[in-house]
Amino acid sequence: MKKMCVLIIGCFLTAVGFGCVVIPCGFASAGVTGLARIACSLIPVSLSVMVMFINVVLFAAGYYFVGKQFVMKSLVCAVLFPVFLEICQSFPAMEFLMEEKLISAMIAGVLIGVGAGMILRSDASSGGLDVIAVIIEKKFSVPVSVTNGVLDGMVLLFQGLYGSVSSVVYGLIVVLVISFVIRRVMTSGTGAVQFMIFSDHPMEIREMLLHRADTGVTLFETVSGMRNTSAYAVMSVVPFQKAYEVRKMVTQMDPEAFVTMSDVRSVTGREYTMPAV
């Protein structure tokens with residue numbers, strides 16, 4: 001139920017980005033909406049109807065390559081998105097959106113990126129080129145955001161053949177923002193901080209991390225560059241909320257310890273996404 005709510009909200013945000021910003025501002029559209037706009041320039045039908053038609057064709061490929069569960073969830077979005085798009089197109093764009101094109105492009109990118117990211121985190125797709133991107137990720141491990149960027153760029157360039165250069169440029173800005181936001185949404189909540197600790201008391205720090213901080217620990221054999229002596233380096237990946245606590249513990253135990261902290265975008269495995277043993 002929770003994933004379905006996230007899916008519906010994601011569909012709505014994506015439709016708002018296209019229907020209330022991209023289309024009224026005349027930006028070239030990426031994805032299946034861009035394909036539909038190209039088709040509508042040749043065939044006099046409603047944009048929302050063309051979007052749904054293209055989605056049906058591509059979902060057939062998704063059913064074959066990805067599976068029934070993915071397609072069933074995506075089918076909900078494929079129906080909701082054209083409906084939301086039709087509703088959003090009935091609302092006039094705000095005046096400042098028509099005047100400040102760069103700001104409008106960034107707003108559209110954020111709305112569509114957050115919406116698409118929420119849809120993908122629900123193990124679904126908004127349809128169209130997202131389906132192709134998910135198929136490629138399943139088969140070749142190419143990130144969804146990368147494939148989407150390439151395909152969207154091709155759609156934008158094709159629209160440049162009959163549209164203005166400025167519309168394509170602003171459309172490209174939208175695509176770049178979408179790609180960045182999708183990556184952030186897809187990895188949000190799964191990040192952590194990696195500690196690398198070089199100390200004369202590695203075993204004491206190991207015990208402290210295991211039993212007091214309740215985090216995993218890995219020891220590496222190292223050689224001190226200054227002293228040319230063997231030692232151990234302690235590595236630990238901890239959730240963001242524990243980072244300050246762990247740093248404070250290490251400093252109290254060994255004020256002279258050399259400590260580095262690095263952001264980790266995503267963490268999977270035992271004690272993070274698997275039960276501990």
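Residues numbered from 1 in each chain as written. Predicted model: local features only at pLDDT ≥ 70, side-chain atom pairs only at ≥ 80, totals over all residues. Heavy atoms only, no water.

A. Expanded view of the environment of Thr251. Along the chain, Thr251 falls in helix H11 (residues 240-253). In this structure Thr251 comes out as partly exposed when scored by relative accessible area, which is 43%. With 46 residues separating them in the primary sequence, Thr251 and Ile205 have C-alpha atoms 10.0 Å apart. (Helix = DSSP H or I, 4+ residues; strand = E, 2+ residues; numbered from the N terminus. Buried < 20%, exposed > 50% of the residue type's maximum accessible area, 1.4 Å probe, protein only.)

B. Inspection of the sheet that holds strand E3 (residues 230-238) at higher detail. Reading across from one edge, E2-E3-E1-E4 is the order of the four strands in this open sheet, with antiparallel pairing throughout. Lying at the two open borders of the sheet, with one neighbouring strand each, are strand E2 (218-223) and strand E4 (258-264). Neighbouring strand axes in the sheet, compared pairwise and without regard to direction, differ in orientation by 25 degrees on average. Of the pairings in the sheet, the one linking strand E1 (residues 192-198) to E4 comprises seven bridges and is antiparallel in character. The residue bridging Gln194 from the neighbouring strand is Ser262, located in E4. Of the strands in this sheet, E1, E2 and E3 touch helix H10 (residues 202-212), which is tilted by about 15 degrees from E3. With respect to the sheet, H11 is in contact with E1, E3 and E4, its orientation differing from that of E1 by roughly 15 degrees. (Pairing = 2+ DSSP bridges. Axes fitted to C-alpha atoms, helices over the stretch in contact; angles between N-to-C directions. Contact = heavy atoms within 4.5 Å.)

C. Geometry of unusual backbone geometry. Look at Asp214: it is not a glycine, yet its phi comes out positive at around 55 degrees. Its location among the elements puts Asp214 in the loop between H10 and E2. With relative accessibility at 56%, the residue Asp214 sits in the exposed group.

D. Structural view of the side chain of Ser199. Mapped onto the elements of the fold, Ser199 is located in the loop between E1 and H10. For Ser199, a relative accessible area of 10% gives the class buried. Side-chain polar atoms of Ser199 contact the backbone nitrogen of His201, separated by 2.9 Å. Polar side-chain contacts of Ser199 include one of 2.4 Å to the side chain of Asp254. (Polar contact = N/O pair within 3.5 Å; in protein donor to acceptor, adjacent residues only side chain to side chain.)

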